[in-house]
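Residue-level structure breakdown
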Amino acid sequence: MDKFTRLTGVAAPLPMINVDTDMIIPKQFLKTIQRTGLGKNLFDEMRYTQAGEEIPGFVLNKPAYRKAQILIAGANFGCGSSREHAPWALLDFGIRCIIAPSFADIFYNNCFKNGILPIVLPQAEIDKLLDDASRGSNAVITVDLPNQEISGPDGGSIRFDIEPFRKQCLLNGWDDIGLTMRHGGAIDAFEEGRKLAQPWL
Amino acid sequence: MQPKTLYDKIWDAHLVHEAPGETPLIYIDRHLVHEVTSPQAFEGLRMTGRRPRHPQRTLAVADHNVPTTDRSAGIADPESALQVATLEANAREFGITYLPMDDIRQGIVHIVGPEQGFTLPGSTIVCGDSHTSTHGAFGALAFGIGTSEVEHVLATQTLIMPRSKNMLITVEGTLPFGVTAKDIVLAIIGRIGTAGGTGHVIEYAGSAIRALSMEGRMTICNMSIEAGARAGLIAPDETTFAYVKGRPLAPKGGAWEQAVASWRTLHSDAGAVFDHLVELDAGAIPPLVTWGTSPETVVPISGRVPDPADEPDAQRRAGMERALDYMGLRPGTPMQEVAIDRVFIGSCTNGRIEDLRAAAAIAKGRRVAAHVGAMVVPGSGLVKEQAEAEGLDRIFREAGFEWREPGCSMCLAMNADKLNPGERCASTSNRNFEGRQGRGGRTHLMSPGMAAAAAIAGRLADVRDYQ
């Protein structure tokens, strides 16, 4: 996966609560056997009419946000299914960072596996960022992962928290499986113990 | 020794590696795989030259894309056909057991796992599917994972994951007439909200939970994810052991005795500390339906569509207005006046034999309303076989329901079963999200008996009027 260090880009406001994974990428696009190519169908049913025409009022269809790389959203973002197609679609569209008051667990986890940084902030900070993001193409903000800091167009900055291990993985673009393979000895030992204690498993 | 919660016990028994500054590594005993969330994981293995560490710990079955009509000619939709064929080819290449579409054991992964005895108390179970929480009904730590994690489990039989917090939901008392496990879990989600369980594993306890069959317990744990919790747990007991005993993959003979002795220790200790406690009175739960586009939007069937004007929070109010607009409902409308077009009885939430019996009990000797299209989709081939042995298929057919082949079907509408724009459905599934059952489709969640009653009435109806 691609590393995530510093990102400066347009932030799009999506101030809805409970944005679910069916909204992010509807089921008809889950039939793919690839990870790529889902960006054009990101938020499909909010973004296009039944006939496939763009709905001009939807934020990512507005000229200022067509190349947004950051999304500012409402609480419980990514709730619903485990489909990793949701972060794949966001990534394929070009979004590398999502900032919201809270995320659903599986989606949150899936982001890190794909080099997307999900940031949790209190609602008051989100409101400020939504205000920044509403300035169209001037809504450029910088997300600085090493320093855990977001800076807005007015120069103010917001600190954010992230689990240290996840931070290291994003900064280095580490492959989880490779990391786990280093613990091969511990896995072998666990399995040996398991054979004695719970042979039925 | 410090008292432990059930979750802590299972977690500690599966901890492979833990170190400061690192996310823990836990062992995964069982892995279920379906066609939608696995192709990219197998492709990842191929690209890196990795092999599954223990192919026998994984079981594969296609469920999301399979047709529920006659299957003898295969799958008509080329994309769906390719996805299912890809699963079969991957299972063959990597030495994983695959239950083909024409196998009597085929069905929804979360119904197949328990039926086969693949799901066992005290084990860790994952699947690239959020409703993996279902298996928590056996006292197994079971949760949905993404495709990258599917690949990780295949390659290493472990997962990197942080420890969750503990939530205890106690439901005491006796369920009133007409109220089921589905109503309990809808009541819970209505109480704590769709994000109420985020970051937690929920343990369900209390006399009303212990009184439930395994089917009912699975319905409850299944919808833990709709309350934001990746996993739900119910301590195993005699009901659990009786269900598991004799299943094809369950331990046999001496191993069975040894396993049961170990499973009897799977409960939260007296004095174990939970981060959150929630209590519900079973006797106060009425039959429930949802009115909106989030599973937390529950209302008694005797109630009315709520009014956003009563919601003080602006963002929530906007959400309610959007939901009412999508659902085509006006505030104040009695729920029982809401006319429906379709009925879906099935899914990993309510596609088991007990669910079909409950629906058939309402359907028996009655007729589906003329304007309603109603379908019953058994959760697996074995559920279908059992239902047919009991004559339930005849009851449904005579009442005007369609009797289908097993699969996920219109719970998420990846196959041909879907709502048309504007159609309203009484559904026993788990999600009423916008577009979930088809673009523009309107979903009301409820129990199987309630869905059958709605089919007869042609509108949302109170199951108690039909019993």
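Residues numbered from 1 in each chain as written. Chains lettered and ligands numbered in written order. Predicted model: local features only at pLDDT ≥ 70, side-chain atom pairs only at ≥ 80, totals over all residues. Heavy atoms only, no water.

A few points about the overall build of chain B
To keep things clear, this is the line we draw: Numbering goes from the N terminus for both helices and strands, where a helix is a DSSP run of H or I of at least four residues and a strand is a run of E of at least two. To get the radius of gyration, use the C-alpha atoms; to get the globule rule, take the number of residues to the power 0.38 and multiply by 2.2 Å. Burial classes: relative accessible area under 20% of the type maximum marks a residue as buried, over 50% as exposed, and values in between as partly exposed (1.4 Å probe, protein chains only). In what follows, a contact means two residues having at least one pair of non-hydrogen atoms within 4.5 Å. Note on areas: these come from Shrake-Rupley sampling with a 1.4 Å probe, and a residue is covered only by the protein chains present in the view.
A tally of helices and strands in chain B yields 16 helices and 19 strands. The C-alpha radius of gyration computed for chain B amounts to 21 Å, which stays within 12% of the reference 23 Å derived for 467 residues, consistent with globular compactness. Counting only residues that meet the buried cut, chain B has 66% of its 467 residues in that class. Put simply, of all contacts in chain B between residues at least 6 apart along the chain, 76% involve residues at least 24 apart. Summing over all exposed atoms, chain B offers an accessible surface of approximately 15300 Å²; the carbon and sulfur share of this is 51%.

What to know about the interface of chain A and chain B
A common way to express how large an interface is: the accessible area buried when the components associate. Cut-off, in case you're wondering: Accessible area, probed at 1.4 Å, shrinks when two parts are joined; the buried area is that loss added up over both. One speaks of a salt bridge when a side-chain nitrogen belonging to Lys or Arg is within 4 Å of a carboxyl oxygen belonging to Asp or Glu. We define a polar contact as two N or O atoms separated by no more than 3.5 Å, with the added condition that, inside protein, one atom must be a possible hydrogen donor and the other a possible acceptor, whereas residues neighbouring each other in sequence contribute only through side-chain atom pairs.
Between chain A and chain B, the contact holds 61 residues from the first and 77 residues from the second. With both sides pooled, the region where chain A packs onto chain B buries about 5600 Å², and carbon together with sulfur makes up 54% of that total. Our count for the chain A to chain B interface comes out at eight salt bridges. A salt bridge links Arg53 of chain B to Asp188 of chain A; its shortest N-O distance comes to 2.6 Å. The interface formed by chain A and chain B holds 36 residue pairs in polar contact (both at pLDDT 80 or more) in total. When residues of the side of chain A that touches chain B are traced back to their parent elements, those giving at least two are helix H1 (21-24), helix H2 (44-47), helix H3 (85-93), helix H4 (105-112), helix H6 (164-172), helix H7 (176-181) and helix H8 (184-197) of chain A.

Quick notes on the sheet that holds strand S2 (residues 25-27) of chain B
Residues and elements named next belong to chain B. Defined as follows: Note: two strands are recorded as paired if DSSP finds a minimum of 2 bridges between them. Angles shown run from 0 to 180 degrees and are taken between the N-to-C directions of axes, each axis being a line fitted to C-alpha atoms and, for helices, limited to the stretch in contact.
Strand order in this open sheet of three strands is S1-S2-S8, and the pairing throughout is antiparallel. The strands lining the two open edges of the sheet, one partner per strand, are strand S1 (15-17) and strand S8 (158-160). Neighbour to neighbour, the strand axes of the sheet diverge by 35° on average, direction disregarded. Summarising the sheet, S1 and S2 pair through two bridges and their orientation is antiparallel.

Overview of empty space enclosed by the protein
Note the cut-off: Only protein atoms enter the calculation, which uses a 1 Å grid: trapped sets of points that fit a 1.4 Å probe without letting it out are cavities, open sets showing protein on both sides within 12 Å along at least five of seven lines are pockets, and any residue with an atom within 4 Å of a point is a lining residue. Grid points are joined across faces, edges and corners, and a volume is the space filled by probe spheres set on the points. Note that Gly is not counted as nonpolar here; it falls among the polar residues with everything else outside the nonpolar set of Ala, Val, Leu, Ile, Met, Phe, Trp, Tyr, Cys and Pro and the charged set of Asp, Glu, Lys and Arg.
Using the criterion set out here, one finds four cavities of 30 Å³ or more in the structure. Of the voids in this model, the largest cavity is the one considered here, and its volume is about 220 Å³. Those elements that provide at least two residues to the lining of the largest cavity are helix H4 (109-116) and helix H12 (347-350) of chain B. For the lining of the largest cavity, a count of residues per class yields eight nonpolar, 12 polar and five charged. In this structure, the second largest cavity is lined by 13 residues; those nearest its centre are Cys79 and Gly80 of chain A together with Thr194, Ile225 and Gly228 of chain B.

Quick look at the nonpolar core
For clarity, the threshold we go by: Nonpolar core, defined: a set of buried Ala, Val, Leu, Ile, Met, Phe, Trp, Tyr and Cys residues in which side-chain atoms within 4.5 Å join the residues together.
Counting residues in hydrophobic clusters, the biggest one holds 113 residues, and the most contacted among them are Phe43, Phe77, Leu90 and Ile99 of chain A together with Phe401 of chain B. With seven residues, the single largest contributor to this core is helix H16 (residues 448-457) of chain B. Sequence-distant contacts of Phe77 of chain A, that is, excluding residues within four places in its chain, are made with Leu14, Val19, Ile24, Phe43, Leu71, Leu90, Ile98, Ala100, Ser102, Phe103, Ala104 and Phe107 of chain A. Core analysis: the next-biggest nonpolar cluster, separate from the first, contains 80 residues, Ala41, Ile96, Met101 and Ile188 of chain B among them.

What about the pattern of salt bridges?
Residues and elements named next belong to chain A. Using the criterion set out here, one finds 39 salt bridges over all chains in the structure. Across the pair Asp22 and Arg83 runs a salt bridge, and its minimum N-O distance is 3.4 Å. Remark: Arg83 occurs in the loop between strand S2 (70-73) and H3 and Asp22 occurs in helix H1; sequence separation between them is 61 residues. Judged by relative accessible area, Arg83 falls into the buried class, the value being 3%.

A short note on the sheet that holds strand S6 (residues 149-151) of chain A
Residues and elements named next belong to chain A. An order of S4-S3-S2-S1-S5-S6-S7 is seen for the seven strands of this open sheet, with the pairing classed as mixed. Edge positions in the open sheet fall to strand S4 (117-120) and strand S7 (157-159), since each of these has one partner strand only. Between one strand and the next, the sheet's axes are offset by a mean angle of 25°, whatever the strand orientation. Across four bridges, the pairing between strand S1 (residues 6-14) and S2 is parallel.

Here's the deal with the packing of aromatic side chains
Put simply, the rule reads: We call Phe, Tyr and Trp rings a pair once their centres come within 6.5 Å, taking the six-membered ring for Trp, and we label the pair stacked below 30 degrees between planes, edge-to-face above 60, and tilted otherwise. Distance and angle both matter: a charge sits over a ring if NZ of Lys or CZ of Arg is within 6 Å of the ring centre and within 35 degrees of the ring normal.
Applying the stated criterion across every chain, the model contains 15 aromatic pairs over all chains. Aromatic side chains Trp200 of chain A and Trp263 of chain B sit 6.4 Å apart centroid to centroid with 90° between the ring planes, which places their arrangement in the edge-to-face category. Remark: Trp263 of chain B occurs in helix H10 (residues 253-263) and Trp200 of chain A occurs in the segment after H8; the pair is interchain, linking two chains. By the burial criterion, Trp200 of chain A is buried, and Trp263 of chain B matches it. Members of the aromatic cluster, joined through ring pairs, are Phe77, Phe103, Phe107, Tyr108 and Phe112 of chain A. The lysine or arginine in question, Arg30 of chain B, covers the ring of Phe118 of chain B, its NZ or CZ lying 5.5 Å from the ring centre. Against the face of Tyr243 of chain B rests Arg247 of chain B, its NZ or CZ located 3.9 Å from the ring centre.

Description of the confidence of the model for chain B
Condition: pLDDT is a per-residue confidence score from the predictor, ranging from 0 to 100.
Looking at chain B, pLDDT values average 97 and 100% of them are 70 or higher. Interface predicted TM-score (ipTM) for the complex: 0.95; the corresponding pTM is 0.97.

Some words on the pairing of strand S5 (residues 140-144) of chain A
Residues and elements named next belong to chain A. Two elements, S1 and S5, share five bridges in a ladder whose sense is antiparallel. Opposite Thr8, over in S5, you have Thr142 as the bridge partner. Across three bridges, the pairing between S5 and S6 is antiparallel. Bridging across to S6, Val143 finds its partner in Ile150. Adjacent in sequence and paired antiparallel, S5 and S6 are bridged by four residues, among which Gln148 carries a positive phi angle near 50°.

As for the environment of Ser302 of chain B
Tracing the backbone through its elements, the reader meets Ser302 of chain B in the loop between strand S14 (298-300) and helix H11 (314-327). Residues Ser302 of chain B and Met335 of chain B lie 33 residues apart in sequence; the distance between their C-alpha atoms is 6.7 Å.

Concerning the layout of surface pockets
Put simply, the largest pocket is a space of about 830 Å³. In terms of lining residues, the largest pocket is bounded by 33 residues, among which Met1, Arg35, Lys113 and Asn114 of chain A together with Ser148 of chain B are the most central. Counting residues per element, the ones that place at least two in the lining of the largest pocket are H3, H6 and H7 of chain A together with helix H2 (39-48) and helix H5 (147-156) of chain B. No other element matches H2 of chain B, which puts five residues into the lining of the largest pocket. Roughly 580 Å³ of volume is contained in the second largest pocket. In this structure, the second largest pocket is lined by 29 residues; those nearest its centre are Ile17 and Asn18 of chain A together with Arg316, Gly319 and Met320 of chain B. At the level of secondary structure, the elements contributing two or more residues to the lining of the second largest pocket comprise helix H6 (181-192) and H11 of chain B. The biggest single contributor to the lining of the second largest pocket is H11 of chain B, with seven residues. For the lining of the second largest pocket, the class distribution of residues is 12 nonpolar, nine polar and eight charged.

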